[in-house]
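Here's the letter readout for the chains.
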Amino acid sequence: MTLPLAGLRILSLEQYGAGPYGTMCLAQMGADVIKLEPPRGGDSSRATGPYFLGADDSLFYQTFNLSKRSLTLDLKTRDGQAILHRLVETADAVTNNARGDQPEKLGLTHAALGKVKPSIVCVHASAYGRGNARESWPGYDYLMQAEAGFLALTGEPDAPPTRFGLSMVDFMTGQMLATATLAGILQARATGRGGDFDIALLEAALHQTSYPATWYLNEGHATGRSPRSAHPSVTPSQLFRTSDGWIFVMAQLPKFWDRLTDAIGAPGLRADPRFAAMGDRLENRAQLTAILDDIFMQAPTAHWIERLGGQCPVAPVHDLAQALTNSFIHQRGMVMDVPHPARPDMRALASPILVDGARLPARHAPALGADTGDILAELGFDSRAVADLRARGVV
């Protein structure tokens, strides 16, 4: 397979989630992503348990770093900065997800690296952004969910504030980092000049509040929680009980409401004045939920999926084990073998992007500093120079 980003080189000072997730997407599309890691310990996710693959490696780390190379480099040393500059001469972009006050201190801004290569693109993902009162604050995904309103919008109305089950703000921000990196490279190739691109986790999270934000900003409407994870303005679009679990039905359009009532053997609901129009159904959501629960609870989830599938938008509610053993997902190739030296049977989720109908390939994430010698050799360092750098802790 000819990968679409083959020929791009991305240098990334990254750790944990957001930055590594974004650059992994670029690496799997063919970019040469070089992780710049501290010589002692490397990316903190290497030490994140509970499942380890020997020293300085874990299944958590593997999750976010497939198909990359690892170079250990102490950027706080003069020699480390000199090596960084030689790398920049060969690269298209430098990304990081350091705290907002760190890129300038570590020489990762365009003001510093543009002197080496004017077309270099510098992408910064931090918790709260750079150049503001919070730039030095550490921050993580769950904090962003809390402050941006996600917790107040998630869960049942009478439950405590509830976060997403996953670190979605990290993943959103990582994708924005990848987008900004590619946009910057396109601009640099057209103009000969790179620049600084910034993404803040809090702002990425706030941006995802989308239409509830637009409703509030323009109409003062504060969207709250709805029972059964229901859509705020469309009914029925929510969870329903079945005889053995739950099902999610989304009759978002009038045609789906008609198909739903036919498929469950209740076409008379369409004539009921309480449910005749979308506004009526929304006003009488509790009554409609009770009626549909009674119907759906007469059969198991699989029965309703077979009856409704392809007719009305519907999905079973899976736990994680069911989601990962779903035969449809495996038929689609979303679980792939990624052999690891310490775990030859290691499996991982494949990229959701297909190129000409094929899944993107992946190789296991690199051991700490696994590619240091090769990368330095590419820059012209001989074995004696590399040994000296290692001895002094520069790499």
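Please read these numbers as outputs of a predicted model, since none were measured by experiment.

**Some thoughts on the environment of Thr 325**
Next, step 1: Of note, Thr 325 is situated in the loop between α15 (320–324) and α16 (327–331).
Next, step 2: Residue class for Thr 325 comes out exposed when judged on its relative accessible area of 59%.
Next, step 3: For the pair formed by Thr 325 and Gly 380, sequence separation is 55 residues and the distance between their alpha carbons is 48 Å.

**So, helix α13 (residues 285–296)**
Next, step 1: The terminal C-alpha atoms of α13, which comprises 12 residues, lie 16 Å apart, in line with the 16 Å expected from a rise of 1.5 Å per residue.
Next, step 2: Those residues of α13 not exposed but buried are Arg 285, Leu 288, Thr 289, Leu 292, Asp 293, Ile 295 and Phe 296. Here the buried residues of α13 occupy an arc of 160 degrees about the axis, which is enough to place them on one side. For α13, exposure combined with an orientation more than 90 degrees from the buried face picks out Ala 286 and Asp 294.

**A word on the sheet that holds strand β4 (residues 93–96)**
Next, step 1: Here six strands make up an open sheet; going across it, the order is β3-β2-β1-β4-β5-β6 and the pairing parallel. Every other strand in the sheet has two partners, leaving β3 (69–72) and β6 (195–200) as the edge strands with one partner each. Strand-to-strand twist of the sheet, defined as the mean angle between neighbouring strand axes without regard to direction, takes the value 20 degrees.
Next, step 2: Note that strand β5 (residues 121–126) and β6 share six bridges and pair parallel. Note on β6: the bridge partner recorded for Ala 125 is Ile 199.

**Some points on the pairing of strand β7 (residues 237–241)**
Next, step 1: In terms of burial, β7 is a largely internal element, four of the five residues being buried.
Next, step 2: In the sheet, β7 pairs with strand β8 (residues 246–250) via five bridges, with the strands oriented antiparallel. The partner of Leu 239 across the bridge, within β8, is Phe 248.
Next, step 3: Connecting β7 to the next strand, β8, in antiparallel fashion are four residues.

**Points about the sheet that holds β7**
Next, step 1: Spatially, β7-β8-β9 is the arrangement adopted by the three strands of the open sheet, whose pairing is antiparallel. At either margin of the open sheet sits one strand with a lone partner, and together these are β7 and β9 (314–316). Along the sheet, successive strands turn relative to each other by an average axial angle of 20 degrees, direction set aside.
Next, step 2: Each of β8 and β9 touches helix α14 (residues 301–308); the most contacted strand, β9, lies at about 155 degrees to it.

**Points about a nonpolar patch on the surface**
Next, step 1: On the surface, a cluster of nonpolar side chains totalling about 320 Å² of accessible area is made up of Tyr 16, Tyr 140 and Leu 143.
Next, step 2: Structurally, Leu 143 is set in helix α6 (residues 141–147).
Next, step 3: Residue class for Leu 143 comes out partly exposed when judged on its relative accessible area of 44%.

**Looking at unusual backbone geometry**
Next, step 1: For the bond running from Gly 49 to Pro 50, omega is 15 degrees, close enough to zero to count as cis.
Next, step 2: Mapping Pro 50 onto the fold places it in the loop between β2 (32–37) and α2 (59–64).
Next, step 3: The residue after Thr 235, namely Pro 236, is reached through a cis peptide bond having omega 0 degrees.
Next, step 4: Position of Pro 236 relative to the elements: it lies in the loop between α10 (210–219) and β7.
Next, step 5: Phi at Tyr 16 is positive, roughly 65 degrees, even though this residue is not glycine.
Next, step 6: Take Tyr 16: it is sitting in the loop between β1 (9–13) and α1 (18–28).
Next, step 7: Its relative accessible area of 32% is what places Tyr 16 among the partly exposed residues.
Next, step 8: A positive phi is found at Ser 67, a non-glycine position, where the angle reads about 70 degrees.
Next, step 9: If you trace the backbone, Ser 67 turns up in the loop between α2 and β3.
Next, step 10: Taking relative accessible area as the criterion, Ser 67 reaches 6% and is therefore assigned buried.

**Digging into the packing of aromatic side chains**
Next, step 1: Summed over the entire model, instances satisfying the criterion amount to 10 aromatic pairs.
Next, step 2: An angle of 70 degrees between the planes, with centres 6.2 Å apart, marks the rings of Tyr 16 and Tyr 140 as edge-to-face. Highlighted residues: Tyr 16 in the loop between β1 and α1 and Tyr 140 in the loop between β5 and α6, separated in sequence by 124 residues.
Next, step 3: Given the relative accessible area of 55%, Tyr 140 is considered exposed.
Next, step 4: The structure contains a cluster of three or more aromatic residues connected by ring pairs, namely Tyr 16, Tyr 21, Phe 60, Phe 64, Tyr 140 and Phe 171.

Definitions and cut-offs
Residues numbered from 1 in each chain as written. Predicted model: local features only at pLDDT ≥ 70, side-chain atom pairs only at ≥ 80, totals over all residues. Heavy atoms only, no water. Helix = DSSP H or I, 4+ residues; strand = E, 2+ residues; numbered from the N terminus. Buried < 20%, exposed > 50% of the residue type's maximum accessible area, 1.4 Å probe, protein only. Expected span 1.5 Å × (residues − 1). Arc of directions from axis to C-beta. Pairing = 2+ DSSP bridges. Axes fitted to C-alpha atoms, helices over the stretch in contact; angles between N-to-C directions. Contact = heavy atoms within 4.5 Å. Patch = residues over 30% accessible without salt bridge, like charges linked within 9 Å, V, L, I, M, F, W, Y side chains within 5 Å. Areas by Shrake-Rupley, 256 points an atom, 1.4 Å probe, with all protein chains shown as cover. Salt bridge = Lys/Arg side-chain N within 4 Å of Asp/Glu carboxyl O. Phe/Tyr/Trp six-rings, centres within 6.5 Å; stacked < 30°, edge-to-face > 60°.

Keep in mind these values describe shape, not function.
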